[in-house]
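Summary of structural features
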Amino acid sequence: MNRRAWLSPGLLLAAPVLFFAAFFLAPLAVVALASITSATGSSDGASVTLTAQQYLRVLADQYHWDVILTTFRLAFFTTIVCVILGYPLAWYLVRVVRWQAWRRFCVILLVVPLFTSNIVRAFGWMVLLGRNGLVNQALVGMGAADRPVRFIGTELGILIGMVYVLLPFVVLAVGNALARVDPACEHASADLGASPAATFLHITWPLTLPGVVSGAIIVFTLAVSAYVTPALLSGGRISVLSMLIFQQYSSVFDFHYGGALSMVLLVFTLILVALANRAATLPGAAR
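Residues numbered from 1 in each chain as written. Predicted model: local features only at pLDDT ≥ 70, side-chain atom pairs only at ≥ 80, totals over all residues. Heavy atoms only, no water.

The name given to the protein chain in an unreviewed UniProt entry is Spermidine/putrescine transport system permease protein PotB, with Achromobacter piechaudii as the source organism. According to the UniProt record, the Sequence similarities (unreviewed entry) comment for the protein chain is "Belongs to the binding-protein-dependent transport system permease family. CysTW subfamily." According to UniProt, the comment filed for the protein chain under the heading Subcellular location (unreviewed entry) is "Cell membrane". (UniProt positions renumbered as here; feature names shortened; annotations may be inferred.)

A short note on the overall build of the protein chain
Check the secondary structure of the protein chain and you find 12 helices and 2 strands. Its helices and strands in sequence order give the protein chain the pattern α-β-β-α-α-α-α-α-α-α-α-α-α-α, from N to C terminus. If you line up the protein chain on its principal axes, its C-alpha atoms span 85 × 75 × 35 Å. Taking as baseline every contact in the protein chain between residues at least 6 positions apart, the subset at least 24 positions apart corresponds to 70%. Accessible surface, the protein chain: about 17200 Å² in total, of which carbon and sulfur atoms supply 70%. Of note, the protein chain has its 16 positive side-chain charges centred 11 Å away from the centre of its 9 negative side-chain charges. (Helix = DSSP H or I, 4+ residues; strand = E, 2+ residues; numbered from the N terminus. Contact = heavy atoms within 4.5 Å. Areas by Shrake-Rupley, 256 points an atom, 1.4 Å probe, with all protein chains shown as cover. Lys, Arg positive; Asp, Glu negative; His and termini not counted. Charge placed at Lys NZ, Arg CZ, Asp CG, Glu CD.)

Details of the side chain of Thr154
Within the secondary structure layout, Thr154 lies in the loop between helix H6 (134-141) and helix H7 (155-179). Given a relative accessible area of 16%, Thr154 falls into the buried group. A distance of 3.3 Å separates a polar atom in the side chain of Thr154 from the backbone nitrogen of Gly157. (Buried < 20%, exposed > 50% of the residue type's maximum accessible area, 1.4 Å probe, protein only. Polar contact = N/O pair within 3.5 Å; in protein donor to acceptor, adjacent residues only side chain to side chain.)

Concerning the UniProt feature "transmembrane region" (unreviewed entry) in the protein chain
According to UniProt, the positions carrying the feature "transmembrane region" (unreviewed entry) are residues 74-94, 106-128, 156-179, 212-235 and 255-277. Here residues 74-94 runs as 100% helix and 0% strand, with 29 Å between its end C-alpha atoms. In the segment residues 212-235, helix accounts for 79% and strand for 0%; the C-alpha atoms at its two ends are 32 Å apart.

Observations regarding the UniProt feature "domain: ABC transmembrane type-1" (unreviewed entry) in the protein chain
In this structure's numbering, the residues bearing the UniProt feature "domain: ABC transmembrane type-1" (unreviewed entry) are residues 68-276. Note that residues 68-276 is 78% helix and 0% strand, and that its end C-alpha atoms are spaced 18 Å apart.

With respect to the nonpolar core
Of all hydrophobic cores here, the largest spans 50 residues; its most connected members are Cys82, Val174 and Leu261. Contributing elements (two or more residues each) for this core: helix H3 (62-96), helix H4 (100-111), H7, helix H9 (196-224), helix H11 (241-252) and helix H12 (255-281). The biggest single contributor to this core is H7, with 11 residues. Dropping the residues within four chain positions of it, Cys82 is found in contact with Tyr87, Val163, Leu166, Leu167, Val170 and Val219. (Core = buried A, V, L, I, M, F, W, Y, C linked by side-chain atoms within 4.5 Å.)

Digging into the environment of Asp182
In this structure, Asp182 sits in the loop between H7 and helix H8 (183-191). The spatial distance from the C-alpha of Asp182 to the C-alpha of Leu166 is 28 Å, given a sequence separation of 16 residues.

Comments concerning the side chain of Thr71
Mapping Thr71 onto the fold places it in helix H3. Looking at Thr71, the relative accessible area reads 2%, which means it is buried. At a separation of 2.8 Å, a polar atom in the side chain of Thr71 contacts the main-chain carbonyl oxygen of Val67. Here the side chain of Thr71 touches Leu241 through a polar contact of 2.9 Å, landing on its backbone nitrogen. Excluding anything up to four places from it in sequence, Thr71 contacts Val224, Val240, Leu241 and Leu265.

What about helix H5 (residues 118-128)?
Within the span of H5, buried status applies to Arg121, Ala122 and Trp125. In a view along the axis of H5, the buried residues occupy a sector of 100 degrees, so they form one face of it. Along H5, the residues that are exposed and aim more than 90 degrees away from the buried face are Val120 and Val127. If you follow the buried residues of H5, they end up packed against H7 and helix H10 (228-233). (Arc of directions from axis to C-beta.)

Focus on the pattern of salt bridges
The tally for this structure, following the rule as stated, stands at 3 salt bridges. Among the salt bridges present, the one from Glu155 reaches Arg73, with a minimum N-O distance of 2.7 Å. Separated by 82 residues along the polypeptide, Glu155 in helix H7 and Arg73 in helix H3 bring together distant segments of the chain. Arg95 is paired through a salt bridge with Glu186; the nearest N and O atoms lie 2.7 Å apart. Linking Arg95 in helix H3 with Glu186 in helix H8, this pair joins segments that are 91 residues apart in sequence. The pair Arg95 / Glu186 is uniform in exposure class, with both members buried. (Salt bridge = Lys/Arg side-chain N within 4 Å of Asp/Glu carboxyl O.)

Here it is in structure tokens:
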């Protein structure tokens, strides 16, 4: 009986563990191995040697550092804007809306775009943000701009497209955290004389911080590895790491250099996510 109780969880975990190993760990190992090796040809055939040349090529070049900074700067500001816009929207859906049918309709409007290809949505933003697009027509028509503003080929244009794509993840994460906060805690705070701002800062915000952090991490990791939106909205003027990696694997076929770029992106992302998660769990971080 005890043996069966031990085998049942093992059998349940076997399939997902094998799937994870086959489709994540194995490809990751191949990429990591390619990044520290180089193939050299000789009269006796090709040989593979261990080398750090590809990492030196990436980390010792100012161009690569500019691309790295651009990549993480766009991901950082995308995350910040998504949290700033997503928290009030989640508050509206959870705390303000009382009519269940309207809440469901809003959630559907929020989720349905996720089923649309990023390519289609990026082309839509290219039309909207173009020189003669709806956004520029509105800005010129309202007198907010004397001439059409250039969005395509700028970090601002990429930021707008990325926020549109990733905003639902923050809203869903924060909304789930807000739904779990007992309103009685906020009512008790108000009964004890706390102002609405103090109640939010000392009660609601700390209790919803895990949802904010999880949503921010999801958005940051997706933004830092995004390819379609930056590639289309950059207009060929701005490069991010995902674009360089795709170029090496699909056009140049330099798997060693592409592997080094991939590992640099992965390591930097993991470090920043770990630091953010650590900062959010420090005593007093939620105060």
